[in-house]
Amino acid sequence: MDVKKALLKRVAVWAVLGVVGGGVAADMLWRQKGAQEQSNLRAQQTQELQRLEAQVKELTDQLAAERLRREALERSLSEGRK
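Position labels on residues start from 1 in each chain and follow its written sequence. Predicted model: local features are reported for residues with pLDDT of at least 70 only, side-chain atom pairs are reported and counted for 80 or more only, and whole-chain, interface and lining totals are derived from all residues. Derived side-chain values reflect all non-hydrogen atoms in the structure, with water molecules and hydrogen atoms excluded from consideration.

A.B. asks: Explain the overall build of the protein to me, please; I cannot follow it from the model alone.
C.D. replies: Elements are defined by DSSP. Helices are runs of H or I of four residues or more, strands are runs of E of two residues or more, and each kind is numbered from the N terminus. Within the protein one finds one helix and zero strands. Note on method: radius of gyration uses C-alpha positions; expected globular size equals 2.2 Å times residues raised to 0.38. The globule rule puts the C-alpha radius of gyration for 82 residues at 12 Å, and the 35 Å found for the protein is more than 25% above it. Overall size of the protein, expressed as C-alpha extent along the three principal axes, is 120 × 15 × 5 Å. Relative accessibility under 20% of the residue-type maximum defines a buried residue, over 50% an exposed one, and the middle range a partly exposed one, all with a 1.4 Å probe and only protein chains included. In the protein, which comprises 82 residues, the share counted as buried stands at 0%. For the protein, the exposed surface amounts to about 8,000 Å²; the carbon and sulfur share of it is 62%. Residues scored as charged are limited to Lys and Arg (positive) and Asp and Glu (negative), so that His and the chain ends carry no count. Charged groups are reduced to one reference atom each: NZ for lysine, CZ for arginine, CG for aspartic acid, CD for glutamic acid. Across the protein, the mean location of the 15 positive side-chain charges is 11 Å away from that of the 11 negative side-chain charges. Only the protein chains shown count as cover for residues, and all accessible areas are computed by the Shrake-Rupley method using a 1.4 Å probe.

Have a look at this one:
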């Protein structure tokens, strides 16, 4: 009887240690995966920001060129009226 109780206690202790150890390992893997996902997301966001910055610069340049054309047209029209 004492041997069975001792064996059951050992089994219970090892089972608890296994569950706790497994939980710790799962938590470590989950955190590592989360950190990798954050890193990937950060890289994607950086690329998207660079793309948007280039697009804004292109549109700004187009707007400035259009403004210069319009001003030149207005000047030529006003000089033609004089």
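A.B. asks: When you look at a nonpolar patch on the surface in this model, what are you seeing that I'm missing?
C.D. replies: A patch consists of residues exposed above 30% relative accessible area that lack any salt bridge, with like charges linked at up to 9 Å and nonpolar side chains (Val, Leu, Ile, Met, Phe, Trp, Tyr) linked at up to 5 Å. Here a salt bridge means any side-chain nitrogen of Lys or Arg lying within 4 Å of a carboxyl oxygen belonging to Asp or Glu. A grouping of V16, V20, V24 and M28 is seen on the molecular surface, where their side chains present a nonpolar patch of about 380 Å² in accessible area. By secondary structure assignment, the location of V20 is in helix α1 (residues 2–81).

A.B. asks: Mind showing me how you'd approach the environment of M1 here?
C.D. replies: The topology assignment puts M1 in the segment before α1. C-alpha separation for the pair M1 and A12, spaced 11 residues apart in sequence, amounts to 16 Å.

A.B. asks: Looking at this structure, I do not really get the pattern of salt bridges. What am I missing?
C.D. replies: In a structure, side chains of opposite charge can pair up when their charged atoms sit close to one another. Per the counting criterion, the structure on display carries five salt bridges. Linking E48 and R51 is a salt bridge whose minimum nitrogen-to-oxygen distance equals 2.6 Å. Taken as a pair, E48 and R51 lie in helix α1 at a separation of three residues, close to a single helical turn. For E48, a relative accessible area of 36% corresponds to the partly exposed category. When its relative accessible area of 45% is taken as the criterion, R51 is described as partly exposed. We note a salt bridge from K57 to D61, for which the minimum N-O separation is 3.1 Å. On the criterion of helical spacing, the pair formed by K57 and D61 is a turn pair, its members being four residues apart in helix α1.

A.B. asks: Even after reading the chapter, I still don't get the environment of R69, so can you show me in this structure?
C.D. replies: As for its placement among the helices and strands, R69 is situated in helix α1. Since its relative accessible area comes to 51%, R69 is described here as exposed.

A.B. asks: Any chance you could explain the environment of V16 here in plain terms?
C.D. replies: Checked against the element boundaries, V16 lands in helix α1. Each C-alpha atom, one on V16 and one on A6, is 15 Å from the other, the two residues being 10 residues apart in sequence.

Note that all results are geometric; they support no functional claim without further evidence.
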